Amino acid sequence: MALVAFRSEYQITVDADCNRVTYERFEELSMATDLPYFLDDWQRALSYIKPNFTVLIDLRRRIGPNVWLMPIYLELHYLLLEAGVGIVAEVHPTVFNMSQISRTLREQTKLPVQLFIDRAEAEAFLDSFRMGSAA
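Source: prediction; values computed, not measured. (Residues numbered from 1 in each chain as written. Predicted model: local features only at pLDDT ≥ 70, side-chain atom pairs only at ≥ 80, totals over all residues. Heavy atoms only, no water.)

Caption draft 1: Seen up close, the side chain of Gln11. Checked against the element boundaries, Gln11 lands in strand β2 (residues 10-15). Given a relative accessible area of 17%, Gln11 falls into the buried group. Dropping the residues within four chain positions of it, Gln11 is found in contact with Leu3, Ala5, Phe6, Thr22, Tyr23, Glu24 and Phe26. (Helix = DSSP H or I, 4+ residues; strand = E, 2+ residues; numbered from the N terminus. Buried < 20%, exposed > 50% of the residue type's maximum accessible area, 1.4 Å probe, protein only. Contact = heavy atoms within 4.5 Å.)

This is the structure we're talking about:
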C-alpha cells in the first residue's frame, strides 16, 4: 500500500494490487475552510489505479460534517466517475447528518456508493466487488 497524502485533515493511500484507493477523514476536516491540495492529492492517487477501481471512504473520525466543503466533495465525485470508479464503500459513524451529506452528493452525481458502519464489512464488500461477486 502506498501513502499518497497525509494531511492534518485526511489521509489517502493506494493499493495498486487491489486497485483500491482508501481515504480516511480526520477530525480536523470538520473545521477546515479550504483544502488546497485535496483534489491534487486525489488526482495523484488515481494515477496509480486502473478503471473499475474501488474506493474505501472512512468517515468515522469526525467532530461533525463540513457543509462548506460540499463543492470540493462534489468535484471529487465527478473526478471519480471520470476516472472509471467501479464502486465506493463509505464507512459512516452512526450520526444521521453525515449520511445526509453523502446522500445529497450521490443524488447529484449518481456515484455508485454503498454505505456501511463497519470498516471490515466495507472492505469485504469491496473485495467481493473486485472478485466480481458483489450484488
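Caption draft 2: Here's a closer look at the pairing of strand β1 (residues 2-6). Relative to β2, β1 is paired through 4 bridges, and the arrangement is antiparallel. Within β2, the position partnered with Phe6 by the bridge is Gln11. Between the antiparallel neighbours β1 and β2 lie 3 residues. (Pairing = 2+ DSSP bridges.)

Caption draft 3: Examining unusual backbone geometry more closely. Positive phi, close to 55°, is recorded for Asn19, a residue that is not glycine. For Asn19, the position within the fold is in the loop between β2 and β3 (20-25). For Asn19, a relative accessible area of 12% puts it in the buried group. Despite not being glycine, Asn52 has its phi angle at roughly 70°, a positive value.

Caption draft 4: Geometry of the nonpolar core. Counting 31 residues, the largest nonpolar core has Ile12, Val21, Tyr23, Trp42, Val55 and Leu80 as the members making the most contacts within it. If you list the elements that add at least two residues to this core, you get β1, β2, β3, α1 (38-46), β4 (54-58) and α2 (70-83). A total of 6 residues in this core trace back to one element, the largest contributor, which is α2. Those residues within four positions of Val21 in sequence are excluded, and the remaining contacts are Ile12, Thr13, Val14, Trp42, Ala45, Leu46, Ile49, Thr54, Val55 and Leu56. Counting residues in each nonpolar core, the second largest holds 8 residues, with Ala89, Val91, Ala122 and Phe125 among its members. (Core = buried A, V, L, I, M, F, W, Y, C linked by side-chain atoms within 4.5 Å.)

Caption draft 5: Inspection of the packing of aromatic side chains at higher detail. All told, the structure shown has 7 aromatic pairs when counted by the stated rule. Ring centres 5.5 Å apart and planes at 45° place the aromatic pair Phe116 and Phe125 in the tilted group. For Phe116, a relative accessible area of 14% puts it in the buried group. The exposure class of Phe125 is buried, given its relative accessible area of 15%. (Phe/Tyr/Trp six-rings, centres within 6.5 Å; stacked < 30°, edge-to-face > 60°.)

Caption draft 6: Structural view of the environment of Leu111. Within the element layout of this structure, Leu111 appears in the loop between α3 (96-109) and β6 (113-116). For Leu111, a relative accessible area of 4% corresponds to the buried category. In sequence terms Leu111 and Val85 are 26 residues apart; their C-alpha atoms lie 8.4 Å from each other.

Caption draft 7: Highlighting α2. Helix length check: α2 (14 residues) gives 20 Å between terminal C-alpha atoms against 20 Å at 1.5 Å per residue, within 8%. Restricting attention to buried positions, one finds in α2 the residues Met70, Ile72, Tyr73, Leu76, His77, Leu79 and Leu80. Where α2 ends, the next residue or the one after it, Gly84, has phi of about 90°, a positive value. (Expected span 1.5 Å × (residues − 1).)

Geometric descriptors of this kind do not, in isolation, establish any biological role.
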